[in-house]
Amino acid sequence: MNIKSVYDDETFFSKYAQMDRSLQGLSGAGEWSTLEKILPDFKRKTVLDLGCGYGWHAAWMAEKGAAMITAVDVSVKMLEKAKSIHTDSRIEYILEDIESFDAAPSSYDIVFSSLVFHYIADYRSLVRKIRWWLRDKGMLIFSVEHPVFTSRGDQDWIYNSDGSISHFPVDNYYYEGKRTAVFLGEKVRKYHRSLTTYIESLLEEGFSIQHVIEPEPPENMINRPGYKDEMRRPMMLIISAQKN
């Protein structure tokens, strides 16, 4: 299923609403403590949030003094929830697919996206458009599922006969493209690409890399169920880049 169909499915959405990052906001997102440290100054900045979800990041940007945040998402249910939680007038919510969204050149100081680009089929074209939308020296900051995590597709461990975890498989790494994963019981279409593709595409499209980080589970979460196992392989990747 494509991401819009999944997130607007009533059963799936009710499961998503029970996740830590849905209930607790940014404090419930394992990568947030790492991501927050590399975010630029948002004061008086015009920002584009691609795939805003519940709007937690957009609301945080508003608190940090952003002048205007355009928050785009393809899911009706996600935007309805975001609007019900965050009513700041500086946040403009737009229902649209990221791949079809467009804006005038030099519209934004910062483009941000959290765990969305692995749902995008044509990453290179999106990077090219983002550079067009950014003002001089504008910043792009995004997180994605790590290529180690997306490579095989099923995104699950290999288990021993007693049910304990043996290891995490990496396979077909250099064969980029469509993958089918199971997320909260639903099959979801994602796109795998290598670390080289994520970084080199930015460099070739006129960005300079500021940060490349593989966030570890934060200390305050490490004793939660499943989090210690997240130290065994990277699950997420954070990249920050500046328009040249």
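Reading the values: rules and limits
- Residues numbered from 1 in each chain as written.
- Predicted model: local features only at pLDDT ≥ 70, side-chain atom pairs only at ≥ 80, totals over all residues.
- Heavy atoms only, no water.
- Helix = DSSP H or I, 4+ residues; strand = E, 2+ residues; numbered from the N terminus.
- Rg over C-alpha atoms; globule rule 2.2 N^0.38 Å.
- Buried < 20%, exposed > 50% of the residue type's maximum accessible area, 1.4 Å probe, protein only.
- Contact = heavy atoms within 4.5 Å.
- Axes fitted to C-alpha atoms, helices over the stretch in contact; angles between N-to-C directions.
- Left-handed = near helix turned anticlockwise from the far one by under 90°.
- Nonpolar A, V, L, I, M, F, W, Y, C, P; charged D, E, K, R; others polar.
- Arc of directions from axis to C-beta.
- Pairing = 2+ DSSP bridges.
- Phe/Tyr/Trp six-rings, centres within 6.5 Å; stacked < 30°, edge-to-face > 60°.
- Lys NZ or Arg CZ within 6 Å of the ring centre and 35° of its normal.
- Core = buried A, V, L, I, M, F, W, Y, C linked by side-chain atoms within 4.5 Å.
- Salt bridge = Lys/Arg side-chain N within 4 Å of Asp/Glu carboxyl O.

On to the overall build of the protein chain, then. Scanning the protein chain from terminus to terminus reveals nine helices and 11 strands. Relative to a compact globule of 244 residues, whose C-alpha radius of gyration would be 18 Å, the protein chain shows 18 Å and is just as compact. Structurally, the protein chain occupies a C-alpha span of about 55 × 40 × 35 Å along its principal axes. Out of the 244 residues belonging to the protein chain, those deemed buried represent 51%. Partitioning the intrachain contacts of the protein chain with sequence separation of at least 6 by distance along the chain shows that 66% fall at a separation of at least 24.

Turning our attention to the environment of Leu48. When you line up the elements, Leu48 lands in strand E1 (residues 46–50). Looking at Leu48, the relative accessible area reads 0%, which means it is buried. Taking the C-alpha atoms as reference, Leu48 lies 33 Å from Arg224; in sequence the two are 176 residues apart. When residues no more than four places from it in sequence are discounted, the contact partners of Leu48 are Thr70, Val72, Phe101, Tyr108, Ile110, Val111, Phe112 and Trp133.

A pair of packed helices is characterised by two quantities: the angle between their axes and the separation of those axes. Axis separation between helix H7 (residues 123–133) and helix H9 (residues 195–204) bottoms out at 10 Å; the angle between their running directions is 35 degrees. In this structure, H7 crosses over H9, and the sense of that crossing is right-handed. When H7 is examined against H9, the residues Tyr123, Arg124 and Val127 are found in contact with a partner set consisting of Thr197, Tyr198, Ser201, Leu202 and Glu204. Among the residues forming the contact of H7 with H9, the class breakdown is four nonpolar, two polar and two charged.

Now for H7. Of all the residues in H7, the buried ones are Tyr123, Leu126, Val127, Ile130 and Trp133. Take H7 and look down its axis: the buried residues cluster within an arc of 120 degrees, on one side only. Where H7 is buried, its residues contact E1, strand E4 (108–114), strand E5 (134–145), H9 and strand E10 (207–213).

The sheet built from seven strands is open, its strands ordered E3-E2-E1-E4-E5-E11-E10 with mixed pairing. Edge positions in the open sheet fall to strand E3 (91–95) and E10, since each of these has one partner strand only. Strand-to-strand, the axes of this sheet are offset by a mean angle of 15 degrees, without reference to chain direction. Pairing analysis gives six bridges linking E10 to strand E11 (residues 236–243), with the strands arranged antiparallel.

One pass over the full model with this rule turns up 15 aromatic pairs. These aromatic residues form a ring-pair network of at least three members: Phe12, Phe13, Tyr16, Tyr54 and Phe183. Over the ring of Phe183 we find Lys190; its NZ or CZ atom is 5.8 Å from the centre of that ring. Here the basic side chain of Arg233 rests over the ring of Phe168, its NZ or CZ set 4.7 Å away from the ring centre.

Right, let's get into the nonpolar core. Inside soluble globular proteins, nonpolar side chains tend to come together where they are buried. If you look at the biggest cluster of nonpolar residues, it comprises 28 residues, and the most contacted ones within it are Leu50, Phe101, Ile130, Phe142 and Leu202. Secondary-structure elements contributing two or more residues to this core are E1, E4, H7, E5, H9 and E11. The dominant element in this core, judged by the number of residues it contributes, is H7, at five residues. Apart from residues no more than four positions distant in its own chain, Phe101 is found in contact with Leu48, Leu50, Thr70, Val72, Ile94, Glu96, Tyr108, Lys129 and Trp133. Core analysis: the second largest hydrophobic core is formed by 25 residues, Phe42, Ile91, Tyr93 and Ile141 among them.

A few words now on the side chain of Ser143. By the secondary structure assignment, Ser143 is in strand E5. Residue class for Ser143 comes out buried when judged on its relative accessible area of 1%. Among all residues touching Ser143, those that are not within four sequence positions of it are Ser113, Ser114, Leu115, Val116, Leu237 and Ile238.

The next thing to look at is the pattern of salt bridges. Applying the stated criterion across every chain, the model contains 11 salt bridges. The shortest N-O distance in the salt bridge between Glu31 and Arg21 comes to 2.8 Å. Taken together, the residues span a long stretch of sequence, with Glu31 in the loop between helix H3 (20–23) and helix H4 (32–38) and Arg21 in helix H3 at a distance of 10 residues. A salt bridge links Asp154 to Arg152, with the shortest nitrogen-to-oxygen separation between them at 2.6 Å.

Even without being glycine, Lys137 reaches a positive phi, approximately 65 degrees. Tracing the sequence through the fold places Lys137 in strand E5. For Lys137, a relative accessible area of 54% corresponds to the exposed category. A positive phi angle, near 55 degrees, is found at Leu184, a position not held by glycine. Mapped onto the elements of the fold, Leu184 is located in the loop between strand E8 (177–183) and strand E9 (186–192). Take Leu184: its relative accessible area is 27%, and that puts it in the partly exposed class.

By themselves, these are just geometric observations and shouldn't be taken as functional.
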